[in-house]
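Here's the letter readout for the chains.
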Amino acid sequence: MEKKELKVNAIKDGTVIDHIPAKDLFKVIRILGLDRIETPVTFGTNLDSKKFGKKGIIKVADRFFKDNDINKIALIAPMANLNIIRNYEVEEKRPVELPATIKGICKCMNPKCITNSEPMTTKFDVISGDAVSHNVSLKCFYCGKVTDHDHIEII
Amino acid sequence: MENKSLISITDFTTDEILRILELAEGFEKTPEPHILDGKVVATLFFEPSTRTRLSFESAVNRMGGRVIGFSDPNISSVSKGETLKDTIRIVSNYCDLIVMRHPLEGSSRYASEVATVPVVNAGDGANQHPTQTLLDMYSIKKTQGRLDNIDIFMVGDLKYGRTVHSLLQAMSPFSPTFHFVSHPKLRLPDEYKTFLDSKGVKYYEHEQFSDLIPEADIIYMTRVQRERFSDLMEYEKTKDVYVLRNSMLEKAKPTMKILHPLPRINEINQDVDQSPKAYYFEQARNGVFARQAVITYLLGLKR
């Protein structure tokens, strides 16, 4: 008899986030607050991927992300794909898009930046990474300093 | 029109910079003691900088304007924990233009977003100080009779020196040739070299400069701060290499001038002061004209 693959997590409605670099999977989970929600979430990691070697995937039932949340994903996992599922069908499939600028979301890494001492919203120009690493960095609109990928801290 | 501020030198187009220099020349030739009659300028100094504050206040006074403000944040509401936003909103009600200096980077840009009057950045931490750049350019134009094709030596701390970074950006449209002279640890950051490359500006880097002085039209000296060296022995050994002495000027062009944003420590020897090539004190005087120009320009006052 043919051995069937176990499909634990076909969701009726919700969002599937694919092509997350395996090492950043838990970061993405934390950024999206998936460690605190009530609806079913399944994830897989260290799955084989042609793009990354190892990738992660997250399936979130009954949840559709707002643009602001999608921006957050793009900063950490710029190659990620979003699949919007309605009634078991993929209604929409699209890559996350790096915005040209972002407001809020991240901290400026410059301790002497005004944004770190004034109750205000941060603003950055997004600098896309090179073709190999895709590592995004952020240039602060206020102090002009660049926060590199490894220092991006989500507020 | 949205109220216009001057936070970074890159806020001005090259045409606007030329306009400011033209206005400054006008103020030097013909004082305008009443052009600011009835106007109030606030000078908000969240960190002390007596020289810069006096220069701005002199500029306002020479045009008949009134000055309010503070030079010590410890005696203002800032010490009670008021946010910058609230301070700026309130002061906007009291004046026609704000000049501010603040220890935090980006503070002036933020202030210009919340203010209802123009803001002039008089220094935000290590970030920007655009009126310094304008007075540097005014000094270059005045002493050389032109801005184009100037051979500029920049000496000292090229890594952290914001005046150096702003000046090279603002001069780049005028086909300059730069010579960057510094200790290897204080070299010009790559981002500025990339910038110059993209503009097709010629530049050279040196660790010593005494033999090259005859080529210079302008020598722009900057202060090397001891704190920049983790190894103080290295600082002691190298600091004298970047000191300008009168004896080094013998073969310099007769029209060559020495600039310095001041304050200087020992990087320009006292014996240079009597040389006609020493221009740093007049340069400071030019700052008043440049600031008069900026203030009237931002207020939209016609000469």
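Remember, it's a predicted structure, so these values are computed and weren't measured experimentally.

Novice: Please give an account of the overall build of chain A that cites residues and values.
Specialist: Along its length, chain A carries two helices and eleven strands. Reading the helices (α) and strands (β) of chain A from amino to carboxyl end gives β-α-β-β-α-β-β-β-β-β-β-β-β. A burial count over chain A gives 45% of its 155 residues as buried. Across chain A, every contact between residues at least 6 apart in sequence was considered, and the portion connecting residues at least 24 apart equals 55%. Total accessible area computed for chain A in this model is approximately 9,300 Å², and 51% of it derives from carbon and sulfur atoms. The distance from the centre of the 25 positive side-chain charges to the centre of the 21 negative ones in chain A is 2 Å.

Novice: Please give an account of the domain arrangement of chain A that cites residues and values.
Specialist: One frequent convention defines the size of an interface as the accessible area lost when the parts assemble. All names here are of chain A. Once the domains are mapped, chain A shows domain 1 (2-95) and domain 2 (101-151). Between domain 1 and domain 2, the C-alpha centre-to-centre distance is 25 Å. Domain 1 puts eight residues into the contact, and the matching count from domain 2 is seven residues. Taken over both partners, the interface formed by domain 1 and domain 2 buries close to 660 Å², and the fraction arising from carbon and sulfur atoms is 73%. Of all residues in domain 1, L75, P78 and M79 give up the largest surface area on contact with domain 2, accounting jointly for 60% of the area buried on that side. Summed over the shared surface of domain 1 and domain 2, the number is zero salt bridges. Along the contact surface separating domain 1 from domain 2 lie zero residue pairs in polar contact (both at pLDDT 80 or more). Of the residues contributing to the side of domain 1 that touches domain 2, the split by class is five nonpolar, two polar and one charged.

Novice: Describe the pairing of strand β8 (residues 218-221) of chain B, and please don't skip the residues or the numbers.
Specialist: For a regular strand, the rule is simple: side chains alternate between the two faces of the sheet. Residue and element names in this part refer to chain B. On β8, burial covers both faces: I218 and Y220 on one face and I219 and M221 on the other are all buried. Sheet topology places strand β5 (residues 151-155) next to β8; four bridges connect them, and they run parallel. When the sheet's bridge partners are listed, F153 is paired in β8 with I219. In this structure, β8 lies alongside strand β9 (residues 257-259), joined through three bridges in parallel fashion. From the neighbouring strand, Y220 faces β9, where its bridge partner is L259. In this fold, the crossover linking β8 to β9 by way of helix α8 (residues 232-238) has right-handed handedness.

Novice: Please give an account of empty space enclosed by the protein that cites residues and values.
Specialist: Residue and element names in this part refer to chain B. Counted by the stated rule, this structure contains two cavities of 30 Å³ or more. Taken as a whole, the largest cavity spans an internal volume of roughly 50 Å³. What lines the largest cavity is simply V224, Y235, K239, Y242, V243, N266 and E267. Taken together, the residues of the lining of the largest cavity sort by class into four nonpolar, one polar and two charged. Here the second largest cavity defines a volume of roughly 50 Å³. Broken down by class, the residue content of the lining of the second largest cavity amounts to five nonpolar, two polar and one charged.

Criteria and thresholds
Sequence order as written defines residue numbering, which begins from 1 separately in each chain. All chains are assigned letters beginning with A, and all ligands numbers beginning with 1, in the order in which they are written. Only residues with pLDDT of 70 or above have their local features reported here, since the model is predicted, and side-chain atom pairs are shown and tallied only from 80 upward, although totals for entire chains, interfaces and linings are computed over all residues. Calculation of side-chain values draws on the structure's entire complement of heavy atoms; hydrogens and water are dropped beforehand. In DSSP terms, a helix is any run of H or I states spanning at least four residues, a strand is any run of E spanning at least two, and both are numbered starting from the N terminus. For the exposure calls, accessible area comes from a 1.4 Å probe over protein chains only, and a residue counts as buried if that area is under 20% of its type's maximum, exposed if over 50%, partly exposed in between. By definition, residues are in contact when any of their heavy atoms lie within 4.5 Å. Methods summary: accessible areas were calculated by the Shrake-Rupley approach with a probe of 1.4 Å, and residue burial reflects only the protein chains presented. Counted charges follow a simple rule, with Lys and Arg positive, Asp and Glu negative, and His plus the chain ends left uncounted. Charge coordinates come from a single atom per side chain, which is NZ of Lys, CZ of Arg, CG of Asp or CD of Glu. Annotation comment: domain bounds sourced from an automatic or database domain assignment. Two parts placed together each lose some accessible area under a 1.4 Å probe, and the buried area is that loss summed for both. Any carboxyl oxygen of Asp or Glu that lies within 4 Å of a side-chain nitrogen of Lys or Arg is treated as forming a salt bridge with it. Whenever two N or O atoms come within 3.5 Å, that pair is a polar contact, provided that in protein one can donate a hydrogen and the other can accept it, and provided that, for residues adjacent in sequence, both atoms are side-chain atoms. When residues are grouped by polarity, Ala, Val, Leu, Ile, Met, Phe, Trp, Tyr, Cys and Pro land in nonpolar, Asp, Glu, Lys and Arg in charged, and all others, Gly among them, in polar. Here the rule is simple: two strands pair whenever DSSP picks up at least two bridges between them. If you view a crossover with the strands going away from you and the path from the first strand over the helix to the second runs clockwise, you call it right-handed. Residues are called lining when one of their atoms sits within 4 Å of a cavity or pocket point, these points coming from a 1 Å grid over the protein atoms alone, where a cavity is a set in which a 1.4 Å probe fits but cannot get out and a pocket is an open set with protein on both sides within 12 Å along at least five of seven lines. Grid points are joined across faces, edges and corners, and a volume is the space filled by probe spheres set on the points.

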